[in-house]
Amino acid sequence: FEIVDNSIDVALAGHCSKITVSIHNDGSCSIEDDGRGIPVDIHPKYQIPALELVMTNLHAGGKFGKGAYQVSGGLHGVGAKCVNAVSEWFEVEVKRDSKVHKMEFSRGITTSKMKIIGDTKLTGTRIAFSPDPQIFLTTREFKFELLAKRLRELAFLNKGIKITFNDLNQKKEKELEFKYEGGVSEFVEFLNQKKEKLQNKNGNDLFKRAIYVEGKKENLEIECSLKWNGGYSEDLLAYTNNINQKDGGTHVLGFRSALTRVINKYANEQNLLKKNKLTISGDDIKEGLTCVLSIKIPDPKFSSQTKDKLVSSEVRMIVETIVNEKLSIWFDQNPSIS
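Residues numbered from 1 in each chain as written. Predicted model: local features only at pLDDT ≥ 70, side-chain atom pairs only at ≥ 80, totals over all residues. Heavy atoms only, no water.

A. Expanded view of the sheet that holds strand S5 (residues 109–119). The strand order across the open sheet built from eight strands is S5-S4-S3-S6-S2-S1-S7-S8, with neighbouring strands paired in mixed fashion. Where the open sheet ends on each side, the last strands, each with one partner, are S5 and strand S8 (174–178). This sheet shows a mean twist of 10° between the axes of neighbouring strands, independent of strand direction. For strand S1 (residues 18–23) and strand S7 (residues 162–167), the ladder comprises six bridges, and the chain directions are parallel. (Pairing = 2+ DSSP bridges. Helix = DSSP H or I, 4+ residues; strand = E, 2+ residues; numbered from the N terminus. Axes fitted to C-alpha atoms, helices over the stretch in contact; angles between N-to-C directions.)

B. Spatial organisation of the packing of aromatic side chains. Applying the stated criterion across every chain yields a total of twelve aromatic pairs. Ring geometry for phenylalanine 90 versus phenylalanine 129: centroids 6.3 Å apart, planes at 25°, classification stacked. Here the residue phenylalanine 90 occupies a position in strand S3 (residues 87–96), and phenylalanine 129 occupies one in strand S6 (residues 124–131), the gap between them amounting to 39 residues. Looking at phenylalanine 129, the relative accessible area reads 10%, which means it is buried. Three or more aromatic residues link up through ring pairs in this structure, and these residues are Phe156, Tyr180, Phe187, Phe190 and Tyr239. A cation over an aromatic ring shows up here: lysine 174 above the ring of phenylalanine 144, its NZ or CZ 4.3 Å from the ring centre. (Phe/Tyr/Trp six-rings, centres within 6.5 Å; stacked < 30°, edge-to-face > 60°. Buried < 20%, exposed > 50% of the residue type's maximum accessible area, 1.4 Å probe, protein only. Lys NZ or Arg CZ within 6 Å of the ring centre and 35° of its normal.)

C. Layout of the packing of helix H4 (residues 144–157) against helix H5 (residues 184–192). Interaxial distance between H4 and H5 falls to 7 Å at its minimum, and their mutual angle equals 135°. The pairing of H4 with H5 is recorded here as oblique in orientation. Where H4 abuts H5, its residues Arg152, Glu153, Phe156 and Leu157 lie against Val184, Glu186, Phe187 and Phe190. A breakdown of the residues in the contact of H4 with H5 according to their chemical character gives five nonpolar, no polar and three charged. (Parallel < 35°, antiparallel > 145°, perpendicular 65-115°, else oblique. Contact = heavy atoms within 4.5 Å. Nonpolar A, V, L, I, M, F, W, Y, C, P; charged D, E, K, R; others polar.)

D. Region of the structure containing helix H6 (residues 250–269). Compared with an ideal rise of 1.5 Å per residue, which puts 20 residues at 28 Å, H6 spans 29 Å between its outermost C-alpha atoms and is within 8% of the ideal. For H6, the full list of buried residues reads Thr250, His251, Val252, Gly254, Phe255, Ala258, Leu259, Val262, Ile263, Asn264, Tyr266 and Ala267. Buried residues along H6 sit against strand S10 (220–228), strand S11 (235–240), helix H7 (282–286), strand S13 (289–296) and helix H8 (313–333). Of the residues flanking the end of H6, it is asparagine 271, one or two places downstream, whose phi is positive at about 55°. (Expected span 1.5 Å × (residues − 1).)

E. Broad picture of the nonpolar core. Membership of the largest hydrophobic core comes to 45 residues, with the highest contact counts inside it found for Met55, Ile163 and Phe165. A per-element tally of this core places H4 first, with eight residues. Residues contacting methionine 55, with those up to four places away along its chain left out, are Ile38, Ala80, Lys81, Asn84, Phe90, Val92, Phe105 and Ile127. Counting 33 residues, the second-largest nonpolar core is a separate cluster that includes Phe255, Ile263, Val319 and Leu327. (Core = buried A, V, L, I, M, F, W, Y, C linked by side-chain atoms within 4.5 Å.)

F. View of the side chain of aspartate 132. By secondary structure assignment, the location of aspartate 132 is in the loop between S6 and H4. By relative accessible area, aspartate 132 is classed as buried at 2%. Among the polar contacts listed, one links the side chain of aspartate 132 to the side chain of arginine 107, at a separation of 2.6 Å. Here aspartate 132 is in contact with Val86, Ser87, Glu88, Arg107 and Arg140, once residues within four sequence places are set aside. (Polar contact = N/O pair within 3.5 Å; in protein donor to acceptor, adjacent residues only side chain to side chain.)

Everything listed is a geometric property; what it means functionally is a separate question.
Here it is, written out as structure tokens:
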């Protein structure tokens, strides 16, 4: 996941459109993208190729200080080095500057210095590695379904990016391709596909397609899609820079506050409350709601290193403002939804 996240970060910066993940029959795994390629120049301070520095030195990547990435996922920012350190062998091929560069490592130590192995007109990075049996004592097997779930999720969250997943480790080879131009809206439809549809009194589907809102304010980008179904449970997935916050956070608080306000405003305007003498609470609105909330910000703050809860205080008001504005427009344009 750490290596794939690096490719996704290159895609978020606008330099990558295809990522291929493969499980090989020797138990190894490879990740290849068509991005710019990791820099290969000699670092002026350390006097080694930037590629070697990125793969062996902590906090040497482009996500620290004033790096090359406006936003980035990567759970801990030290991904490639850690994967290298726990791999029996680890190799990198970089297509850049019309050349193919290659380096090899074992358990975090350089075993083959960077060399040019060919010419190319392409750009990109391919990383392959095999988990170290001295560390992974129970199993070294990559779980196809677990990987497929995360790769599908990343494709939903980053519309237009094509992620191909190959399992070459089976007698019957598997290949999955994930690409969603609809992004989080398609994600909501995917989550709802086995759930009962919400219908009006005439038996017609109340929501033909998921509601979608997006906006940008003060370096924060938000994409949000929601749709109610006929069930009673809520399914809300919240993400910051492609990382899921299972414990929610300030983005979820802002979303909930705006949603409750907009629904109540709409209900009042349509005179839905007076005749039934009802008030609509946040809990009422949660019933049967499926929602994907995805924000991207340069420097998010989390409650812990596992990033399960977003605590950036400024996010709540920005999300609340954008969702309130965009949802109000949607309900104004769909007055017959009741």
